[in-house]
Amino acid sequence: MRSPSVASMMGTLPCHYLNGLADEEALTLLLKLAFKQGEEYKYPNLVEIGKDIIKKCGGVPLAVRTLGSLLYMKTDEKDWILVKDSEIWRLEQKENQILPALKLSYSQMPSYLKHCFAAFLIFPKDYNFHSFELIQFWMAQGLLQVRHGNQAQDLEDIGKQYLYELFSRSFLEDFNDGRDFYLFKIHDLLHDLALLLAERECLHIDNQTQSISQQVQHLSFSHTDFHVQEANLQRKSTNIRNIMFAAEEEWPTNVSVLETCFSRYKYLRLLDLRYSSFEVLPSSIGYLKHLRNLSLQRNYKLRKLPNSICKLQSLQTLRLGGCEQLEELPRDIKKMVSLRFLILTTKQKILPENGIGCLRSLRFLSISKSANLETLLQGKRSLTNLQDILQYLRQTAVQYCAYWLGQVLVAFRFKMGRRIKEVTTRLDEIAADRDKFHLVEGVIDHGRSFVHVRREMTHSFVIASDVIGRSSDKEKVVFPLMYPENVQHVSVVSIVGIGGLGKTTLAKLVFNDDRVIGRFELTIWVCVSDYFDLKLLMVNIIKSVSGENCSDLDPDRLQMHLRQKLDGKKFLLVLDDVWNDDLEKWIESRNLLSAGAEGSKILATTRSVTPHTRGRAPHTYKAKPYKYARHRSTIHKNKE
């Protein structure tokens, strides 16, 4: 819970206020990140400087972690003094503003990494990143630099190096290494920092937008109304480099709007038209000579691409996944000499003989839902640089698939039947061949949106040994869950604190406590975040309880199913990261949860609480400082 009024509306029990780390504990965290285990004892002079540094961090674990990562393996006293005496600490710091420690860590980045980090502002908070998507975005902006003396290095590999460097500086979290791709998030305070750095360059268009500054380079349309699109695209600006139409479902698309876009913004590098609904892409797309990234994903009406699209010889990424009515690829696709990443859905039986097989720059190919496809690139030897072959076969009837990798032919024979068991058997065989030929399997998130992202639930797993000095805070939260005042049938306990203090980590410790597990018949973990969707909340609760996916049920049947799952059972529901303060929605959600047995509890995490909330809470107390320690090789699991 982040909104100041949410706890009050929910009729909360005790609010637990998190403060910063104690100095000695913050120092422990800093030294664990700055040195290898035991090495800090060799540098007592740096430890003394570290004591001054942590006092400037205000006890915020995120700030301490970031600076500890910045100082990792730096044993020159000048480096530590530079951090301690930076002018950034002297800037006036107002409540809820960017932490000076984060600004300082950013200022110490190499220039190439600064530009890449600033690009995060294009994406919404709490976004689940996939390395493929972000690297392609960086690539389209020209942010990936081939270092001198290493001209043979692929841009994709450079992008992976940049990502890992950001992770090593503690700028990424929930970082999962899939060997050839990464999944991760950034903390919302770091997103605020990216926004602060480049906010004048990014504009989200809605029906309140009056003008577009000449400084703006990135346009995102959060409103799919035709008149809003047309009115704003009439404003000519030579600096626009990226246009994204944000949508989670099909939106009405007027071809005249697209033609205006293509004619006015000839220097575009990225154009995202996912979920659009036109049948034929205008031939004026050929005007965009500088375009490097084009997404037409999930346009379920698209039938034809004009041959003029093949004039886009700078295009590196083309996403046509989910375009189930696409009749064929343009005949001159081989002229797209820079194309590196292609996702395709087509009604064709055979791909052009002189088409994809001649794309010498291609690095990644994905073909999905192409049920008519009979032969794929048979005998083509031009794909000498293809590194990643991703095949989605759920609705594909490919009988023969052949790719040339250098001089080695990699062949798969897929005999797809109609029954799921046969498909599963063949996929097992394909997996064995994949290992045999050292191919790479990956997953791409095709459902990105730039406005309301329905974030996946944060997980409840925590390594207790990684958390230092939390026992007192945990006991103070566990107590009202175990021995509550009988205030309400289903009551609420809130964990309150500023961003970066570790509210989610504390909730995880409580959730996994043996006493809590034994007290409640059901323990449920759901992440809410800033976009509160009552239906999605019900779906996630049911999924956590029984593993069922009920997203297809209408709201009425869904609430009945939820009440059946909770009926007469004492439950603990953790609502992590709540922002919404819509009273009507919270009343409705409380009514839905009232089916649980008396003594059921909700544990919510939030940023702040109003005086009115403090007056309602039977117990209000401050938590002792929180510490989160990890060695450099340990992936940090918690959100904040």
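Residues numbered from 1 in each chain as written. Predicted model: local features only at pLDDT ≥ 70, side-chain atom pairs only at ≥ 80, totals over all residues. Heavy atoms only, no water.

The protein has the name NB-ARC domain, LRR domain containing protein in an unreviewed UniProt entry, where Trema orientale is given as its organism.

### A look at helix α7 (residues 111-118)
Along α7, the residues that are buried comprise Tyr112, Leu113, Cys116, Phe117 and Ala118. Here the buried face of α7 lies against α6 (100-107), α8 (131-141), α9 (155-168) and α10 (188-198). (Buried < 20%, exposed > 50% of the residue type's maximum accessible area, 1.4 Å probe, protein only. Helix = DSSP H or I, 4+ residues; strand = E, 2+ residues; numbered from the N terminus. Contact = heavy atoms within 4.5 Å.)

### Some words on the nonpolar core
By size, the foremost hydrophobic cluster in this structure holds 70 residues, and its most contacted members are Leu67, Trp80, Phe117, Phe120 and Trp138. For this core, the element with the highest residue contribution is helix α2 (residues 23-34), accounting for 7 residues. Excluding its chain neighbours within four sequence positions, the residues that come into contact with Trp138 are Cys116, Ala119, Leu143, Leu144, Gly159, Tyr162, Leu163 and Leu166. In this structure, Leu268, Leu273, Leu305 and Leu365 belong to the second largest nonpolar core, which totals 48 residues. (Core = buried A, V, L, I, M, F, W, Y, C linked by side-chain atoms within 4.5 Å.)

### A few points about the environment of Phe221
Here Phe221 is to be found in strand β6 (residues 218-221). Expressed as a C-alpha distance, the spacing of Phe221 and Met244, which sit 23 residues apart in the sequence, is 6.2 Å.

### So, the packing of helix α3 (residues 44-55) against helix α5 (residues 77-84)
Relative orientation of the contacting elements α3 and α5 amounts to 10°, with a least axis distance of 9 Å. The angle between the axes of α3 and α5 places the two elements in the roughly parallel class. For the pair α3 and α5, the contacting residues are Asn45, Leu46, Ile49, Gly50, Asp52 and Ile53 in the first and Glu77, Trp80, Ile81, Val83 and Lys84 in the second. For the contact of α3 with α5, the class distribution of residues is 6 nonpolar, 2 polar and 3 charged. (Axes fitted to C-alpha atoms, helices over the stretch in contact; angles between N-to-C directions. Parallel < 35°, antiparallel > 145°, perpendicular 65-115°, else oblique. Nonpolar A, V, L, I, M, F, W, Y, C, P; charged D, E, K, R; others polar.)

### Details of the pairing of strand β4 (residues 182-185)
Note: strand β2 (residues 129-130) against β4, 2 bridges, orientation antiparallel. Bridge pairing in β4 links His130 to Leu183. Where strand β3 (residues 173-177) and β4 come together, 3 bridges link them in antiparallel fashion. Of the residues in β4, the one forming a bridge with Asn176 is Leu183. (Pairing = 2+ DSSP bridges.)

### Here's the deal with the packing of aromatic side chains
Inspection of every chain in the model, using the stated rule, returns 22 aromatic pairs. Plain terms: the ring middles of Tyr106 and Phe117 are 5.9 Å apart, the flat faces sit at 50° to each other, and that makes the pair tilted. With Tyr106 in helix α6 and Phe117 in helix α7, this pair connects stretches of sequence that are 11 residues apart. It is Lys114 that lies over the ring of Tyr106; its NZ or CZ is 5.6 Å from the centre. The ring of Tyr287 has Lys266 sitting right over it, with the charged end atom 5.7 Å from the ring centre. (Phe/Tyr/Trp six-rings, centres within 6.5 Å; stacked < 30°, edge-to-face > 60°. Lys NZ or Arg CZ within 6 Å of the ring centre and 35° of its normal.)

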